[in-house]
There are 2 protein chains.
Amino acid sequence: MNATKSFVKIYALGGLGEIGKNMYGIEYKNEIVVVDSGLKFPEDHLPGVDLVIPDITYLLQNKKKVRGIFLTHGHEDHIGGLPYVLRELQVPVYGAPLTIALVKSKLQEHGLQNVVKLNEVNEHSRIRMKNLTVSFFRTNHSIPDSLGIAIDTPEGTIVHTGDFKFDLTPAGKPSDLTRMAQLGEKGVLALLSDSTNSEKEGMTLSEKAVGDTIDELFYRCKGRILFATFASNVYRLQQVVEASKKYNRKVAVIGRSMEKVFQIGQDLGYIQMPEGMMIELDKIDQYPPNKVTIVCTGSQGEPLAALTRIANGSHRQVQIIPGDTVIFSSSPIPGNTQNVYKTIDQLFRSGAEVIYGSLLDIHTSGHGSQEDLKLMLNLIRPKYFIPIHGEYRMLVRHSRLAEEIGVDRKNIFILDNGDSVYVSRKQAKRGEKIPSGSILVDGSGIGDVGNIVLRDRTLLSESGLIVVVVTVDMNNFQLLSGPDIISRGFVYVRESEALLREAEQITRKVTLQLLKKKEKKWADWKNQILDALTPFFYERTERSPMILPIIMEVNRERQAQKE
Amino acid sequence: MNATKSFVKIYALGGLGEIGKNMYGIEYKNEIVVVDSGLKFPEDHLPGVDLVIPDITYLLQNKKKVRGIFLTHGHEDHIGGLPYVLRELQVPVYGAPLTIALVKSKLQEHGLQNVVKLNEVNEHSRIRMKNLTVSFFRTNHSIPDSLGIAIDTPEGTIVHTGDFKFDLTPAGKPSDLTRMAQLGEKGVLALLSDSTNSEKEGMTLSEKAVGDTIDELFYRCKGRILFATFASNVYRLQQVVEASKKYNRKVAVIGRSMEKVFQIGQDLGYIQMPEGMMIELDKIDQYPPNKVTIVCTGSQGEPLAALTRIANGSHRQVQIIPGDTVIFSSSPIPGNTQNVYKTIDQLFRSGAEVIYGSLLDIHTSGHGSQEDLKLMLNLIRPKYFIPIHGEYRMLVRHSRLAEEIGVDRKNIFILDNGDSVYVSRKQAKRGEKIPSGSILVDGSGIGDVGNIVLRDRTLLSESGLIVVVVTVDMNNFQLLSGPDIISRGFVYVRESEALLREAEQITRKVTLQLLKKKEKKWADWKNQILDALTPFFYERTERSPMILPIIMEVNRERQAQKE
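Because the structure is a prediction, the values reported are computed rather than measured. (Residues numbered from 1 in each chain as written. Chains lettered and ligands numbered in written order. Predicted model: local features only at pLDDT ≥ 70, side-chain atom pairs only at ≥ 80, totals over all residues. Heavy atoms only, no water.)

1. Structural notes on the interface of chain A and chain B
Interfaces are often described in size by the accessible area the parts lose on coming together. Contact residues are listed per partner, giving 78 residues for chain A and 78 residues for chain B. For the pair chain A and chain B, the summed buried surface comes to about 6,800 Å²; carbon and sulfur atoms form 53% of the total. At the surface where chain A touches chain B, the tally comes to 10 salt bridges. With a shortest N-O distance of 2.7 Å, Arg349(A) and Asp416(B) are connected by a salt bridge. At the boundary of chain A with chain B, the tally comes to 22 residue pairs in polar contact (both at pLDDT 80 or more). (Contact = heavy atoms within 4.5 Å. Buried area = accessible area lost by both parts, 1.4 Å probe. Salt bridge = Lys/Arg side-chain N within 4 Å of Asp/Glu carboxyl O. Polar contact = N/O pair within 3.5 Å; in protein donor to acceptor, adjacent residues only side chain to side chain.)

So, in structure tokens, the structure goes:
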């Protein structure tokens, strides 16, 4: 398809076929609007990786076109990539006040406070470019200041919902149903909509229902309450503050991210606490247990978080005492399940009462279920539909809802990251693949951990390592030292001394043969040692450790091969 | 407490505070009845471990007392430990026909077919010992031939439920409610009851309801059906066979464990198929798609299972074709969730329709929910209650149900593996700790992988490995070769050549200093190299690879330290 004609090009650099690292592009002629810049936490097959961000090669290739990064809300999977992206792509950033406050704090931590201009926007803002105009509408999500984005183009309006549900009794401001209806009435060319909960029937539970459960629990509890939730869920925190106020409990906060959000939330007016209600952690013992609420991180069983340490008995200031009630106002993110339940079990063992799980309305998702999604589709009534923000099956389910609503099947595009679609008022077609992928961040390294490194880490974790070293004199073809065999993560050495000694004998035999043959190719040396040891270890242990032969050469220009 | 008095001693070697490796002991004077001998699949923190079995030190110490291992049913977490346990403890094994058939097949695979006598029992069997008499009652579970066990002792009857639910419209034989009521009426001293689903409200769905869903799906499907479930769920397989018969579909079976269960199930009459209904996999293309059912393993997304390979497009004989419907008649076991969803996503991408998840009644648990558990408690009406088979929180929930039923709180014992309780008709008290724990099986090694090996594997998987080798002449204190640095799983070597060269320079400097000082303690050599390299790598990469310094000595009696 010829991109110079009047088409809007739509694509994702992250967020499709996955939950996380959301980053979408809406491009018209010389202007690119980027929506979000998220990160993803690594899955099990990425050992040692700290986080994953989108590959932005395409945006760097089109640097001059990028007009800005427009943030829908302040969750990590939407803003967490910024510290990495902004190092290479200095463009203005737009977001609502809470989003910008969180970004500011994040950039400060990375020493990047002045790298770009951060622009606060709200539902009345309009950002005008040559051909594109970006405006915003309020949605409900599990963090305040969540926005949907409307991009007016010469071909029609593109709507990106951000993350949303319809909460008809929200803890904060309501969704802007009117604006969405107006957009739909005016005509929307394409809708990009959140698919996270497209597998769930019904309508997502209101945050107020959670507030009612919190109130009831606070009414019943006779001891201290430890309340764990996502730090970013400011509404939840505000509801805990309100219940604490009602039942005359002081509030103490533990966990760095929780403290930060309480600070920002109060600064921006999202968390309202009477003077003197918040107390320092070291003061909690000055109040009777039924007058204390402790709000803490660790609802995902994160090994270093406050609640996990309290459960382990390794928290410096807080120990579980009889009568404590711990409330998990959260649901475990897949991958965290084992850790969450381990923490719950430990809390029960310590004698706490623990409230968790789905029997009580103690948590709700920020993402709309099938009825929410259908309501959005009904309001926006788009010509073209692109389900976003979800694993492939979620995109499929969402696309079926769109069909039920009446979107023409051929106007629905289920994309992968890097796929592009060209839409105009007349037609829509799939376009070329653009560069996309996952950049792995490990420590301070960005993108230096690739498939070989990951494969080696996985191998090493499966059966450990055997290092075999020999020192040889290649002038006189003599074995000078070794073979020495060292193992790690393979077997407990004291119990397998004999096995390793036998492996040394095998290596010695191979080495002496090679010296006798005056073999000079190191690759052959290494292969012959591997060919002897690999079956030996497998036969004796049914394990396949990584075997690392190292040949050190003495008395001649050093030729020991490194890899 | 004096064990020579008339008490029944009850304990678990596995199954408490965990799901898996069930093994319980009921002991009276010189007789021990062991119930089950299971395995557990390793959790994330046990990299490379194949499976986990109970530590049976206590049973070996009391070898002469052990009268037999009584199996409640044929699931891995109840019989999977036998090949390991029976090598050290040759005692008779008792179980229902299907259980014994599965054990027989398992022991054959381990070359242990004649190691002990396998005894078939049923609900009419009574195994009489000097003081104890063991009898059985039918329960419902997700595998046929599941039995509860009653052990008559001079102090009263101990009832062990095995795994159970009450299925009032089962696919096989009904639970023996009458026998349970009779036991209760006669008086039960202590009940040990399955806690797996004690967190779930209501009553567990009947297997027949799943049969109805299967029938409806088969009625609707116009193409091939690929049906994935647990191989051991013989009832489910029989229901698939029945639906296939009704809609004139031939049945092909893929996966070694599935083939085995079809064979055993037909031999014992649990799976009844008309002649000619089962077809070989290579014949499926000879039938129209709507006449073919493929039953396969892989419902847990296991990397090597049939369905996973079909989803990947790497199965030799079966490829997804348009119109295929894949049914996941299972729910993901925690830990498998990511793999299961990956498989579902790949199947959707291949163009299959996929039926999964909880919206349809396409799977049911074999474990009773709260109402089932309360019914058992009502029927058995025990004096003492010990919740078994579950994580700690499940045991807590189950104990609360028992309290609701009217069991005295002080008569309820929430135990850990290795805790013992002494019960008599007069009283019950906690006793001494007995040896217990987890034995890790890795390859052919049983118990040789311990904490040090696991710690090293975890470290290696986090940031990889740096091997530093130097060869030195300790007569003349000269560096003969190296330092050579080799890394694995750390950074992609080509991109970090400079970093590794710099580390070599640092090591060279340290080595030359040590030689100059004529330092002879290898431990100091290694520490000085570590002290130089550890901060260097962390500062440059924010990673902490395992660093392995190796010093090779030439020209003197070899002293290179191995560890």
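Still to come is the rest of the account.
2. Quick notes on the side chain of Ser198(A)
On the secondary structure map, Ser198(A) appears in the loop between β12 (188-194) and α6 (207-220). The contact partners of Ser198(A), leaving out residues within four places of it in the chain, are Gln370(A), Leu373(A), Met394(A), Arg397(A) and His398(A). (Helix = DSSP H or I, 4+ residues; strand = E, 2+ residues; numbered from the N terminus.)

3. Considering the relation of the copies chain A and chain B
Screw-axis analysis of chain A against chain B gives a translation of 0.0 Å along the axis, an RMSD of 0.1 Å, and a rotation angle of 180°. Taken together, the rotation angle and the small translation identify this as a two-fold axis. Relative to the rotation axis, the C-alpha of Ser461(A) is the closest in chain A, positioned 2.6 Å from it. Of the residues that chain A buries at the interface, 100% are likewise interface residues in chain B, meaning the two copies contact each other through the same surface. (Least-squares fit on C-alpha atoms with pLDDT ≥ 70 in both.)

4. Comments concerning the packing of helix α6 (residues 207-220) of chain B against helix α7 (residues 234-246) of chain B
Residues and elements named next belong to chain B. Orientation of α6 relative to α7, taken along the N-to-C sense of each, is 35°, at an axis distance of 9 Å. The interaxial crossing formed by α6 with α7 has right-handed handedness. Every residue of α7 that contacts α6 at Glu207, Lys208, Val210, Gly211, Ile214, Asp215 and Phe218 is listed here: Tyr235, Arg236, Gln239, Val240, Ala243, Ser244 and Lys246. Classifying every residue of the contact of α6 with α7 by side-chain character gives 6 nonpolar, 3 polar and 5 charged. (Axes fitted to C-alpha atoms, helices over the stretch in contact; angles between N-to-C directions. Left-handed = near helix turned anticlockwise from the far one by under 90°. Nonpolar A, V, L, I, M, F, W, Y, C, P; charged D, E, K, R; others polar.)

5. Let's talk about the packing of aromatic side chains
Residue and element names in this part refer to chain B. With the rule as written, the count across this model stands at 22 aromatic pairs over all chains. Consider the rings of Tyr11 and Tyr58, whose centres lie 5.1 Å apart with planes at 70°: the pair is edge-to-face. One end of the pair, Tyr11, is in strand β1 (residues 8-14); the other, Tyr58, is in helix α1 (residues 57-61), and 47 residues separate them in sequence. Residues Tyr11 and Tyr58 agree in their burial class; the two are buried. Arranged with centres 6.3 Å apart and planes meeting at 80°, the rings of Phe348 and Tyr356 form a pair that is edge-to-face. Classification of Tyr356 as buried rests on a relative accessible area of 7%. (Phe/Tyr/Trp six-rings, centres within 6.5 Å; stacked < 30°, edge-to-face > 60°. Buried < 20%, exposed > 50% of the residue type's maximum accessible area, 1.4 Å probe, protein only.)

6. Comments concerning helix α5 (residues 177-186) of chain B
Residue and element names in this part refer to chain B. Among the residues of α5, Arg179, Met180, Leu183 and Gly184 are the ones counted as buried. All buried residues of α5 fall inside an arc of 140° around its axis, so they share one side. Across α5 from its buried face, at more than 90 degrees, point the exposed residues Thr178, Glu185 and Lys186. Summarising the contacts, the buried residues of α5 are in contact with β9 (133-138), β10 (147-153), β11 (156-160), β12 (188-194) and α11 (370-380). Immediately beyond the C-terminal end of α5, within one or two residues, lies Gly187, with a positive phi of roughly 110°. (Arc of directions from axis to C-beta.)

7. Here's the deal with a nonpolar patch on the surface
A cluster of nonpolar side chains, contributed by Leu168(A), Leu177(A) and Met203(A), occupies part of the molecular surface with about 280 Å² of accessible area. Position of Leu168(A) among the secondary structure elements: in the loop between β11 (156-160) and α5 (177-186). (Patch = residues over 30% accessible without salt bridge, like charges linked within 9 Å, V, L, I, M, F, W, Y side chains within 5 Å. Areas by Shrake-Rupley, 256 points an atom, 1.4 Å probe, with all protein chains shown as cover.)

8. So, helix α13 (residues 451-463) of chain A
Residue and element names in this part refer to chain A. The end-to-end C-alpha distance of α13 is 19 Å, a good match for the 18 Å that 13 residues give at a rise of 1.5 Å each. Listed as buried for α13 are Val453, Leu454, Asp456, Arg457, Leu460, Ser461 and Ser463. Gly464 occupies a position one or two residues after α13 and carries a positive phi of about 75°. (Expected span 1.5 Å × (residues − 1).)

9. A few points about the sheet that holds strand β15 (residues 292-296) of chain A
All names here are of chain A. With respect to topology, 5 strands assemble into an open sheet ordered β14-β15-β13-β16-β17, the strand pairing being parallel. Each edge of the open sheet carries a strand with a single partner, namely β14 (250-254) and β17 (353-355). Between one strand axis and the next, the sheet turns through 20° on average, direction left out of account. With 4 bridges joining them, strand β13 (residues 225-228) and β15 adopt parallel strand pairing. For Ala228, the partnering residue across the bridge sits in β15 and is Cys296. Relative to the sheet, helix α8 (residues 256-267) contacts β14 and β15, its axis offset from that of β14 by approximately 125°. (Pairing = 2+ DSSP bridges.)

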